[in-house]
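Chain and residue survey
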Amino acid sequence: MIELKPYLYFQKALEFWIDETGTGYQKILSIGTEYGKSYISQLLNPERKKPIPFEAQVKIADACGYDYLSFLQIGKQLYEGEPPQDISQKIVSMDPAVEILNKCIREAGVGDQLNDRQKQALLKIIRDELKSAEEKAKKDIKKFLNVLRK
């Protein structure tokens with residue numbers, strides 16, 4: 001019988017994603033998922049024997065731009081020594097709010113001056129603004145479509 005090891009597959013996929021996207025992405029994941037940098041580092045520890053909680057795996061896979069099962073498939077392929085088959089680009093997209101925050105931090109040059117609580121607060125503001133803009137756009141599109149129907 002084949003024994004599945006989802007948390008090991010997850011760990012391999014996470015290592016691969018961080019390697020592919022470059023340095024500093026543990027910090028970005030910690031911002032995008034609300035888990036601390038040290039927690040993300042613990043997940044990558046090759047000596048880790050404790051399974052990674054399912055909720056954490058799903059949130060982190062999502063922050064990496066993958067659905068959970070696709071992320072596990074990539075990890076399984078890597079765990080078995082195969083190159084991943086379904087990676088279409090080197091850097092995958094992340095949560096848009098995290099991308100906006102990181103771009104603003106880089107442009108302002110204040111990365112080391114913000115703590116995780118401040119970053120979480122900024123992320124909430126960005127997400128609220130994005131949601132508001134999306135709702136406004138939907139209303140405007142509906143109005144436009146109603147005019148076309150007449």
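All of the points below concern the structure found in this document.

Thresholds, definitions, all that
- Residues numbered from 1 in each chain as written.
- Predicted model: local features only at pLDDT ≥ 70, side-chain atom pairs only at ≥ 80, totals over all residues.
- Heavy atoms only, no water.
- Helix = DSSP H or I, 4+ residues; strand = E, 2+ residues; numbered from the N terminus.
- Buried < 20%, exposed > 50% of the residue type's maximum accessible area, 1.4 Å probe, protein only.
- Areas by Shrake-Rupley, 256 points an atom, 1.4 Å probe, with all protein chains shown as cover.
- Axes fitted to C-alpha atoms, helices over the stretch in contact; angles between N-to-C directions.
- Parallel < 35°, antiparallel > 145°, perpendicular 65-115°, else oblique.
- Contact = heavy atoms within 4.5 Å.
- Nonpolar A, V, L, I, M, F, W, Y, C, P; charged D, E, K, R; others polar.
- Left-handed = near helix turned anticlockwise from the far one by under 90°.
- Core = buried A, V, L, I, M, F, W, Y, C linked by side-chain atoms within 4.5 Å.

Things to note about the overall build of the chain
A count of helical and extended segments in the chain gives seven helices and zero strands. Along the chain, from the amino end to the carboxyl end, the secondary structure elements read α-α-α-α-α-α-α. Taken over 150 residues, the chain has a buried fraction of 31%. Working note: accessible area of the chain is about 10,200 Å², and carbon and sulfur atoms make up 55% of it.

A word on the packing of helix H4 (residues 54-63) against helix H5 (residues 68-79)
Each pair of packed helices can be described by the angle between their axes along with the distance between the axes. Packing of H4 against H5 leaves a shortest axis separation of 9 Å and a crossing angle of 90°. Accordingly, the angle class assigned to the pair H4 and H5 is roughly perpendicular. Note on element contacts: H5 touches H4 through Tyr68, Phe71 and Leu72, opposite Phe54, Gln57, Val58 and Ala61. Here the residues of the contact of H4 with H5 sort into six nonpolar, one polar and no charged.

Remarks on the packing of helix H1 (residues 6-21) against H4
Running from amino to carboxyl end, H1 crosses H4 at an angle of 25°, the nearest separation of the two axes being 11 Å. Taken together, the axes of H1 and H4 are roughly parallel relative to one another. Pair H1 / H4 crosses with left-handed handedness. Residues Pro6, Tyr7, Phe10 and Leu14 of H1 touch H4, and the partners they reach there are Gln57, Ile60 and Ala61. Here the residues of the contact of H1 with H4 sort into six nonpolar, one polar and no charged.

A short note on the nonpolar core
Within the largest apolar cluster, 23 residues are counted, with the highest numbers of intra-cluster contacts made by Phe10, Leu14, Trp17, Leu29, Ile60, Cys64 and Phe71. Going through the elements one at a time, H1, helix H2 (25-33), helix H3 (37-43), H4 and H5 are the ones with two or more residues in this core. Take this core: its biggest share by element is six residues, from H1. Beyond its immediate stretch of four places on either side in the chain, phenylalanine 71 contacts Phe10, Ala13, Leu14, Trp17, Ala61, Cys64 and Tyr66.

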